[in-house]
Amino acid sequence: MRILIDFLPILLFFGAYKFYGIYVGTAVLMAATVAQMGLIYAIDRRLQTMHKATLVLILLFGTLTLVLQDDRFIKWKPTVLYGAMALALAVALWALKKNFLKMLLGGQLALPDTVWTRLTVAWIAYCAFMSAINAYVVLNYSTEAWVDFKLWGYVFPLVFLIGQGIYIAPHLKDDDEPAA
């Protein structure tokens, strides 16, 4: 169910784009993201920082796209979001000596500090890669190709998340195991 909630705005954007163009697609994406965040808030009773940042950037870049009738804004949103995430995680880890992933997820996952550090470095690399690949597609391909990339590019986060799960699985402590 959660993956459907996460995937729905991009599917609606893709469909609206194919039938009505980038500007209707952008408006649909904005509305679908607001609805998505409302649903997430109804389920979890809170929005994570990533959700808030995504909502703000989609509304900001979407509004600029619609008001100025310039599709470059909505196409650059993923580059800005992923770049900001990579930068924030890197500065926190290496300059501030804070691990934001552990701070956000440490209450849900009991992992050794070395694993948290490796996960954070993996997230920094992943976000930098996603930022760069979006920028490459924006600069070198048509809007049509960029929209197709947005839909089929969802393979990257799926592979990344599956890889993370495989990596952390051996490090998770089983609460059902009796104490020695």
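Sequence positions are assigned chain by chain, starting from 1 and proceeding in written order. Per-residue local features of the predicted model are confined to residues with pLDDT of at least 70, and side-chain atom pairs are confined, for both listing and counting, to 80 or more; whole-chain, interface and lining totals are unaffected and use all residues. Side-chain numbers here rest on the full set of heavy atoms in the structure, without hydrogens or water.

Trainee: Hey, could you go over the confidence of the model for the protein chain for me, with residue numbers and the actual values?
Mentor: A low pLDDT score tells you not to read the predicted coordinates there in detail. Residue-level pLDDT values for the protein chain average 92, and 96% of them are 70 or greater. Ranking the helices and strands of the protein chain by mean pLDDT puts helix 6 (residues 113-140) first, with 97, and helix 1 (residues 2-20) last, with 89. Per-residue confidence from the prediction method is given by pLDDT, with values spanning 0 to 100. The helix and strand labels rest on DSSP assignments: H or I over at least four residues marks a helix, E over at least two residues marks a strand, and numbering proceeds from the N terminus.

Trainee: Can you explain a nonpolar patch on the surface? Please cite residues and give values.
Mentor: Only residues above 30% relative accessible area that lack a salt bridge enter a patch, with like-charged residues linked at up to 9 Å and the nonpolar side chains Val, Leu, Ile, Met, Phe, Trp and Tyr linked at up to 5 Å. Only the protein chains shown count as covering a residue, and every accessible area follows the Shrake-Rupley method with a 1.4 Å probe. Each salt bridge in this description consists of a side-chain nitrogen of Lys or Arg and a carboxyl oxygen of Asp or Glu lying within 4 Å of one another. Residues Ile 3, Leu 4, Leu 8, Leu 11, Leu 12 and Leu 158 make up a contiguous nonpolar surface patch of roughly 510 Å² in combined accessible area. Among the elements that make up the nonpolar patch, the one with the highest residue count is helix 1 (five residues).

Trainee: Tell me about the nonpolar core, residues and numbers included.
Mentor: The definition of a nonpolar core used throughout is a set of buried Ala, Val, Leu, Ile, Met, Phe, Trp, Tyr and Cys residues joined through side-chain atoms within 4.5 Å. Summary of the burial criterion: residues with accessible area below 20% of their type's maximum are buried, those above 50% are exposed, and those between are partly exposed, where the area comes from a 1.4 Å probe applied to protein chains only. Ranked by internal contacts, the top residues of the largest apolar core, which has 21 residues, are Leu 111, Leu 119, Trp 123, Tyr 126 and Cys 127. Of all the elements in the fold, those that place two or more residues in this core are helix 3 (49-68), helix 4 (72-95), helix 6 and helix 8 (155-168). For this core, the element with the highest residue contribution is helix 6, accounting for eight residues. Residue contacts for Leu 111: discarding those within four places in its chain leaves Trp 116, Leu 119, Ile 168, His 171 and Leu 172. By size, the runner-up hydrophobic cluster in this structure holds 15 residues, among which are Ile 10, Met 30, Val 147 and Leu 151. Working rule for contacts: check all heavy atoms of both residues, and any pair within 4.5 Å makes them a contact.

Trainee: Lay out the environment of Ala 95 with the relevant residues and their values.
Mentor: For Ala 95, the position within the fold is in helix 4. A relative accessible area of 56% places Ala 95 in the exposed class.

Trainee: Tell me about the packing of aromatic side chains, and please be specific about residues and values.
Mentor: Pairing of aromatic rings covers Phe, Tyr and Trp, the last through its six-membered ring, and needs centres within 6.5 Å; plane angles under 30 degrees mean stacked, over 60 mean edge-to-face, and all others mean tilted. Applying the stated criterion across every chain yields a total of ten aromatic pairs. Between Phe 13 and Trp 146, the aromatic rings sit 6.1 Å apart at their centres with planes inclined by 75 degrees, giving edge-to-face as the arrangement. Remark: Trp 146 occurs in helix 7 (residues 143-152) and Phe 13 occurs in helix 1; sequence separation between them is 133 residues. Judged by relative accessible area, Phe 13 falls into the buried class, the value being 1%. Judged by its relative accessible area of 2%, Trp 146 falls in the buried class. A centroid spacing of 5.0 Å and a plane angle of 85 degrees characterise the contact between Trp 123 and Phe 160, whose relative ring orientation is edge-to-face. Taken together, the positions of Trp 123 in helix 6 and Phe 160 in helix 8 put the pair 37 residues apart, joining distant regions of the chain. An identical accessibility class is assigned to Trp 123 and Phe 160; each is buried. An aromatic cluster of three or more residues is present, and its members are Tyr 82, Trp 123, Tyr 126 and Phe 160.

Trainee: Residue-level account of unusual backbone geometry, with values.
Mentor: Even without glycine at this site, Arg 45 takes up a positive phi of about 65 degrees. Although it is not a glycine, Gln 69 adopts a positive phi angle of roughly 50 degrees. With respect to the element layout, Gln 69 can be found in the loop between helix 3 and helix 4. Exposure remark for Gln 69: the relative accessible area of 47% places this residue in the partly exposed category.

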